[in-house]
Amino acid sequence: MSAPNNRYNFLWAAFLFVVAVTTLIAAPFLNNVQSSIDPLPAVGQKPQPPAKRKPLQPDLPGTIDGAADPASIPDLIAFELFMRSIADYPSAA
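Residues numbered from 1 in each chain as written. Predicted model: local features only at pLDDT ≥ 70, side-chain atom pairs only at ≥ 80, totals over all residues. Heavy atoms only, no water.

Colleague: Explanation requested: the overall build of the protein chain in the structure shown.
Modeller: Each helix and strand in the protein chain was counted, giving two helices and zero strands. With an accessible surface of roughly 9,500 Å², the protein chain has 67% of that area assigned to carbon and sulfur atoms. (Helix = DSSP H or I, 4+ residues; strand = E, 2+ residues; numbered from the N terminus. Areas by Shrake-Rupley, 256 points an atom, 1.4 Å probe, with all protein chains shown as cover.)

Colleague: So what exactly am I meant to see when it comes to the pattern of salt bridges here?
Modeller: For side chains bearing opposite charge, pairing can occur when the charged atoms are close. Under the criterion given, the structure shown has one salt bridge. Among the ionic pairs, Glu80 bridges to Arg84, the shortest N-O distance being 2.9 Å. Residue Glu80 and its partner Arg84 are both found in helix 2 (residues 75–87); the two are separated by four residues, about one turn of the helix. Residue Glu80 is classed as partly exposed on the basis of its relative accessible area, which comes to 34%. (Salt bridge = Lys/Arg side-chain N within 4 Å of Asp/Glu carboxyl O. Buried < 20%, exposed > 50% of the residue type's maximum accessible area, 1.4 Å probe, protein only.)

Colleague: Looking at this structure, how should I read a nonpolar patch on the surface?
Modeller: On the surface, Phe17, Val18, Val21, Ile25 and Phe29 cluster together into a nonpolar patch covering about 520 Å² of accessible area. Residue placement: Phe17 occurs in helix 1 (residues 2–36). (Patch = residues over 30% accessible without salt bridge, like charges linked within 9 Å, V, L, I, M, F, W, Y side chains within 5 Å.)

So, in structure tokens, the structure goes:
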């Protein structure tokens, strides 16, 4: 009489194992979906203004015009300016 009982125990354990593995695989993806949804502001709250941009400064004498001659800008300087332009503004997260 114990044979049918053992079979159901095995099926139940197999079911729990499949559910646990599926949950472990799906959990990181569900977290990204949940965090990417922007919550609406509360009724009495003002929406936050966008990030303020720095005022433009006039070019100094001797500045290289990249639009006219892009090859004259060293790669290291171009990469540094690109990375600084990304880092100046806060992310949406």
